[in-house]
2 protein chains.
Amino acid sequence: MYRTRTSNSELDQLIQLLSKLPGFGPRSARRAVLHLVKKKDTLMKPLAASLASVAEHVHPCSTCGNLDVSDPCHICEDERRDKSTICVIEEVADLWALERAGSYRGLYHVLGGTLSALDGIGPDDLNIAGLIERADEEGVQEVIIATNATVDGQTTAHYITDRLKNSGVSVSRLAHGVPVGGELDYLDDGTLTAALNSRQPF
Amino acid sequence: MYRTRTSNSELDQLIQLLSKLPGFGPRSARRAVLHLVKKKDTLMKPLAASLASVAEHVHPCSTCGNLDVSDPCHICEDERRDKSTICVIEEVADLWALERAGSYRGLYHVLGGTLSALDGIGPDDLNIAGLIERADEEGVQEVIIATNATVDGQTTAHYITDRLKNSGVSVSRLAHGVPVGGELDYLDDGTLTAALNSRQPF
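Residues numbered from 1 in each chain as written. Chains lettered and ligands numbered in written order. Predicted model: local features only at pLDDT ≥ 70, side-chain atom pairs only at ≥ 80, totals over all residues. Heavy atoms only, no water.

A. Layout of the side chain of A:K40. Among the secondary structure elements, A:K40 is positioned in helix α3 (residues 40–57). Here A:K40 occupies a buried position and makes no salt bridge, while the nearest side chain of opposite charge, A:D41, is found at 7.5 Å. One polar contact links the side chain of A:K40 to the main-chain carbonyl oxygen of B:A55, over a distance of 3.4 Å. (Helix = DSSP H or I, 4+ residues; strand = E, 2+ residues; numbered from the N terminus. Buried < 20%, exposed > 50% of the residue type's maximum accessible area, 1.4 Å probe, protein only. Lys, Arg positive; Asp, Glu negative; His and termini not counted. Salt bridge = Lys/Arg side-chain N within 4 Å of Asp/Glu carboxyl O. Polar contact = N/O pair within 3.5 Å; in protein donor to acceptor, adjacent residues only side chain to side chain.)

Here it is in structure tokens:
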């Protein structure tokens, strides 16, 4: 009879929804709900409004897959960006990471994942056809493949390189090497080998 | 110029709000936002609605401090509960934990924290006056103090016991001992000593 979770169905529902967020479980969701109720006006109501607004206004760009309120997104629309270069990334999070780094001025193309035989994800499940189309457009000179350095990421990179063979664009990928600030002693053999092989004149 | 976090102010605002949740930082908030955008209809919109609804309808019970859509809350109102016993807890989360255990049938009293000299929290900052008032009400026979077994929790327990001296109710506290399923080898000395001292006839 009394064996409910919080003895309140509205709170239960909120806890259940929050516990579906990545990194959240039932316990942390309960803690978050209590925190939210304590900060009702400064956090809970703004969060509800912000979620509703993003759900309403933010959509993937039909050209590159970036999330934005406008379509095409502001990066595709930006006249100051270099339209001759397209950087291919797996997810929007990778686009954000590159934008935070602030050193890339070209366009992007979000694949939406990687090829994965295990998970049954083939070329048609990713936005690869869109990339091939864009690479054929006038003015595109280089495609930089910036998929993750995982097995699936590298497989996808090889597949895309193969598909772009006849398009006339040059295809490059991110360099492997020692992370800035990294210590050699903590690096894996593969990274060290790659860094040695790609050594640069000082 | 390009050095924004996600290059979209609505997304930035949502990430900033989410990163204020306990257990969330900027990185996990970004991950959560991408997850939410992917599950717009099944998670993001319901979550926005649920947050707005809880913010609108859920309030602390003016008697016991429990969170509910009604005031007095459904526990205070429930005729089947034992009105002679009041269990004193620090936070609503503790009430939820006791309700999940499902073995307590009395009423609750949420203090809203513990006394803490370091944080400058005195008796007037907690809902202690309300407890003293309730203990004087007709029919209340026992106050069970279930504050945490921390230094602050125990200090608060002692203070409340002292304040309840003249009210005529009996004051008890939760037993210390070996957690059910616990291994002696992993227990601290204090718990073992308490468990030994409070040993029960088999």
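B. View of the sheet that holds strand β6 (residues 170–173) of chain B. All names here are of chain B. If you walk across this open sheet you meet the four strands as β4-β3-β5-β6, and the pairing is parallel. The sheet is open, and its two edges are formed by β4 (106–110) and β6, each paired on a single side. The sheet shows a mean angle of 25° between the axes of neighbouring strands, direction not considered. Both strand β5 (residues 142–145) and β6 contribute to a ladder of four bridges, which runs parallel. Bridge assignment links E142 to a residue of β6, and that residue is S170. Against the sheet, helix α6 (residues 128–136) touches β3 (82–89), β4 and β5, its axis set at about 155° to β4. (Pairing = 2+ DSSP bridges. Axes fitted to C-alpha atoms, helices over the stretch in contact; angles between N-to-C directions. Contact = heavy atoms within 4.5 Å.)

C. Structural context of the nonpolar core. By size, the foremost hydrophobic cluster in this structure holds 76 residues, and its most contacted members are A:L18, A:L51, B:L18 and B:L51. Setting aside its immediate chain neighbours within four residues, B:L51 contacts A:L14, A:L36, A:M44, A:L47, A:A48 and A:L51. (Core = buried A, V, L, I, M, F, W, Y, C linked by side-chain atoms within 4.5 Å.)

D. Spotlight on the UniProt feature "domain: Toprim" (unreviewed entry) in chain A. This chain's UniProt record puts "domain: Toprim" (unreviewed entry) on residues 84–179 of chain A. Taken end to end, residues 84–179 of chain A has its terminal C-alpha atoms 28 Å apart, with 32% of it in helix and 20% in strand. (UniProt positions renumbered as here; feature names shortened; annotations may be inferred.)

E. Representation of the UniProt feature "zinc finger region: C4-type" (unreviewed entry) in chain A within the structure. Within this numbering scheme, the UniProt entry marks residues 61–76 of chain A as carrying the feature "zinc finger region: C4-type" (unreviewed entry). The annotated region residues 61–76 of chain A carries 19% helix and 12% strand content, and the separation between its end C-alpha atoms amounts to 9 Å.

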